[in-house]
Amino acid sequence: MRILVLGGDGYLGWPTAMYLSARQHEVGVLDNFAKRGWELELNVEPLMPIHTLQDRVTAWEEVSGHRLPCFVGDLCDYEFVRNVVCDFRPDAIVHYGEQPSAPFSMIEQRRCVLTQMNNIVGTLNVLWAMREHAPACHLVKLGTMGEYGTPNIDIEEGFIEIEYKGRKDVLPYPKQPGSFYHLTKVHDSHNILFACRIWKLRSTDLNQGVVYGIATDETVKDPRLATSFHYDEVFGTALNRFCVQAVAGIPLTVYGKGGQTRGFLNIRDTLRCVELSILNPPQAGEYRVFNQFTELFNVLELAETVKREAEKLGCTVTINHYPNPRIEAEQHYYNPRHQKLLDLGLEPHLLSEVLLDSMIKAVQERRERIKPGVILPRTRWNGGSQPADAEEASAKS
């Protein structure tokens, strides 16, 4: 099968490209390297050094014998997107090619608008290129569980049956996104649903939880094949931050009381979910949603887990509660369904099985590269940024 991976230079895009290539698919990778530029603007970088995409493509061919055609350009440039789709003729497109950070979208007006334009326009261009040049192609789109928010009812997989005034219908599940970034994912979902209904395209929307881990069967074959591990307050996840803080002797930054609950999954499971989606495509005109996560944790549970595992390695770990820079419920009901991928054959890896070896030990090996100044929360949802030292003073008070 011919598969085009958009955002193929990214944390998930690069491992996905290798994973599918290793399974005898013809894989192409596309990226404009915008995220590398945003990292430079913010003076942040992955903990492990990351080679250029071109060097990684070369290394993968040396290791595996498989070639990955590389397309460099912007999804917001329709002529470029159209030409790539025409040239590569994909059977499936895996779409990771978006600005991936909620805090980035909340820093200020410029980055908010950049996020909206980049993500929504890019996806629209992909849909139009499919309509005109690859109508049978299957779009596997990375969504987010953050589209749903935290409603006080169970979260279904994309759709919900509603009865109102004696009539019933199956409608898209209501969305309550928590940032301008999450809003772009909602707009994407609406646009893709519309395109499938009107143009008879086919798409799988993967509403993904928080992904953790950096080790896959492919990344461990050569140091040049590593994927990124961010721990800063903009691009890093809470779990990544906690692992770095535990190793560096910095108190773990739990926002508020730490009752915020989310879905999580290992990077290996992300790759398998994408593969299962591709191997079991929807019908023409079908838009389907899979909730993609394997376990639920709240933030305090994550911090306590990291503390326990890091102490096994001799780290001294403390937990601090910081004023929450986000506008979100700290205690809430959260019961999302996630059955469809399990029905297709997903066999989950659990956090307890991989945290110590694949994350904390990896951080210890790169301890000298940790930048403590990029960890503490600065971006505030109610406007502007606050210096890290002010946050620290507030947390200790």
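Computed from a predicted model, the values in this text were never measured in an experiment.

Structural notes on the sheet that holds strand β3 (residues 70-72)
Part 1 of the argument: The parallel open sheet is built from 7 strands, whose spatial order is β3-β2-β1-β4-β5-β8-β12. Each edge of the sheet is formed by a strand with only one pairing partner; in this case those strands are β3 and β12 (287-292). Across this sheet, the average inter-strand angle for adjacent strands is 20 degrees, counted without regard to direction.
Part 2 of the argument: For strand β4 (residues 92-95) and strand β5 (residues 138-144), the ladder comprises 4 bridges, and the chain directions are parallel. Of the residues in β5, the one forming a bridge with Val-94 is Val-140.
Part 3 of the argument: Those strands touched by helix α4 (residues 78-88) are β1 (2-6), β2 (26-31) and β3, and its axis lies near 170 degrees from that of β2.

What to know about the packing of aromatic side chains
Part 1 of the argument: The final tally for this structure, using the stated rule, is 7 aromatic pairs.
Part 2 of the argument: A centroid spacing of 4.6 Å and a plane angle of 65 degrees characterise the contact between Trp-128 and Trp-199, whose relative ring orientation is edge-to-face. Linking Trp-128 in helix α6 (residues 109-133) with Trp-199 in helix α7 (residues 180-199), this pair joins segments that are 71 residues apart in sequence.
Part 3 of the argument: Under the relative-accessibility criterion, Trp-128 is labelled partly exposed at 37%.
Part 4 of the argument: Judged by relative accessible area, which is 24%, Trp-199 ranks as partly exposed.
Part 5 of the argument: With centroids separated by 5.8 Å and ring planes inclined at 70 degrees, the aromatic side chains of Phe-264 and Phe-297 adopt a geometry described as edge-to-face. Separated by 33 residues along the polypeptide, Phe-264 in strand β11 (residues 261-266) and Phe-297 in strand β13 (residues 295-298) bring together distant segments of the chain.
Part 6 of the argument: Given the relative accessible area of 6%, Phe-264 is considered buried.
Part 7 of the argument: One cation-aromatic arrangement involves Lys-35 over Phe-235; the distance from NZ or CZ to the ring centre is 4.5 Å.

So, how was this worked out
- Residues numbered from 1 in each chain as written.
- Predicted model: local features only at pLDDT ≥ 70, side-chain atom pairs only at ≥ 80, totals over all residues.
- Heavy atoms only, no water.
- Pairing = 2+ DSSP bridges.
- Helix = DSSP H or I, 4+ residues; strand = E, 2+ residues; numbered from the N terminus.
- Axes fitted to C-alpha atoms, helices over the stretch in contact; angles between N-to-C directions.
- Contact = heavy atoms within 4.5 Å.
- Phe/Tyr/Trp six-rings, centres within 6.5 Å; stacked < 30°, edge-to-face > 60°.
- Buried < 20%, exposed > 50% of the residue type's maximum accessible area, 1.4 Å probe, protein only.
- Lys NZ or Arg CZ within 6 Å of the ring centre and 35° of its normal.

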